[in-house]
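Survey of secondary and tertiary structure
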Amino acid sequence: MAEQSDDAELLWRLARSSRDLAQLGSTSAEEKKQLTYDSLEYAKKALEKNESNSAAHKWYGICLSDVGDYEGIKTKIGNAIIIKEHFQRAIELNPKDATTIHLIGIWCYSFAEMPWYQRKIAATLFATPPTSTFQEALRYFHMAEDADPNFYSKNLLFLGKTYLKLNNKKMALLWLSKAKEYPAQTEEDKQAVDTPGAWPVTFLDRFLKLPPF
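Report on the accompanying structure. (Residues numbered from 1 in each chain as written. Predicted model: local features only at pLDDT ≥ 70, side-chain atom pairs only at ≥ 80, totals over all residues. Heavy atoms only, no water.)

Turning to the overall build of the protein, a few remarks are in order. On a plain count of helices and strands, the protein comes out with 11 helices and 0 strands. In sequence order, the protein lays out its α and β elements as α-α-α-α-α-α-α-α-α-α-α. In the protein, buried positions account for 43% of the 213 residues. Excluding contacts between residues fewer than 6 apart, the proportion of contacts in the protein whose partners are at least 24 apart in sequence is 61%. Here the protein displays about 11700 Å² of accessible surface, and carbon together with sulfur accounts for 53% of that area. (Helix = DSSP H or I, 4+ residues; strand = E, 2+ residues; numbered from the N terminus. Buried < 20%, exposed > 50% of the residue type's maximum accessible area, 1.4 Å probe, protein only. Contact = heavy atoms within 4.5 Å. Areas by Shrake-Rupley, 256 points an atom, 1.4 Å probe, with all protein chains shown as cover.)

With that settled, the discussion passes to helix H4 (residues 72-93). One turn of an α-helix holds 3.6 residues; hence residues three or four places apart share an orientation. For H4, built from 22 residues, the straight-helix expectation of 32 Å at 1.5 Å per residue is met to within 8% by its first-to-last C-alpha distance of 31 Å. Of all bends in H4, the biggest is about 30°, found at Ala80. Among the residues of H4, those classed as buried are Ile77, Asn79, Ala80, Ile83, Lys84, His86, Phe87, Ala90 and Ile91. Packed against the buried residues of H4 are helix H2 (29-49), helix H3 (54-68), helix H5 (98-112), helix H6 (116-125) and helix H7 (134-147). (Expected span 1.5 Å × (residues − 1). Bend = angle between axes of the 7 residues up to and from the residue.)

Turning next to a nonpolar patch on the surface. A cluster of nonpolar side chains, namely Ile73, Trp116, Tyr117, Ile121 and Leu125, defines an oily patch on the protein surface of about 490 Å² accessible area. The element that contributes the greatest number of residues to the nonpolar patch is H6, accounting for 4 residues. When you line up the elements, Trp116 lands in helix H6. Assessed through its relative accessible area of 63%, Trp116 is described here as exposed. (Patch = residues over 30% accessible without salt bridge, like charges linked within 9 Å, V, L, I, M, F, W, Y side chains within 5 Å. Salt bridge = Lys/Arg side-chain N within 4 Å of Asp/Glu carboxyl O.)

Let us look at the packing of aromatic side chains. Inspection of the entire model under this criterion finds 7 aromatic pairs. Consider the rings of Tyr109 and Phe134, whose centres lie 5.3 Å apart with planes at 70°: the pair is edge-to-face. Of the two residues, Tyr109 is situated in helix H5 and Phe134 in helix H7; the sequence distance between them amounts to 25 residues. When sorted by exposure, Tyr109 lands in the same class as Phe134, which is buried. Ring centres of Phe141 and Phe158 lie 5.7 Å apart, and the angle between their planes is 40°; this geometry places the pair in the tilted category. Here Phe141 is found in helix H7, whereas its partner Phe158 is found in helix H8 (residues 153-165), with 17 residues between them in sequence. Exposure class is identical for Phe141 and Phe158. Each is buried. What links up through ring pairs into an aromatic cluster is the set Tyr109, Phe134, Phe141 and Phe158. The residue whose ring lies beneath Arg139 is Tyr140, and the NZ or CZ to ring-centre distance is 4.7 Å. (Phe/Tyr/Trp six-rings, centres within 6.5 Å; stacked < 30°, edge-to-face > 60°. Lys NZ or Arg CZ within 6 Å of the ring centre and 35° of its normal.)

Geometry only, nothing functional implied.
Structure, rendered in structure tokens:
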């Protein structure tokens, strides 16, 4: 059976496909949870078979993050450091993997944006909780764009959002415009454009007092 494979390439692909199934809207909550844990197990096995497999590190980090949604804030924050380490190991092994570089940017953005009450919880649970800045997030989003220009709508989106956090309206407008004009090739691309809370282009229109794009 594929689940018993010794092939790291096959195992990380099983992790990815299990996660893809978990993300489907038609998947029940119970099935989603089982698939989420299955995907982590496949990624873990992939790493056991080949620690030098970049994709295995990437998918282990992604799947570990997903599992955190079921295990509470202490586990989620504790896992965050491990997740970043695996993403960083992945790009050491494959420096041109723009997606993983983007994911480190998301990691940085998430901790830079962490609400004060979550920071307080993290500080009580850990001597040195994970932290980051919007400047660090921006660096990774640009690194991803340098590795593979225009590869992902959400990288364009987060470049714009990060510049907005840094109060650089001109650069925010540039990257948010690119995100809005990005040809939607996947459901995720469509969500990046269509979900009101996903990106602040409408807000930016008003904020800069500009006509619609």
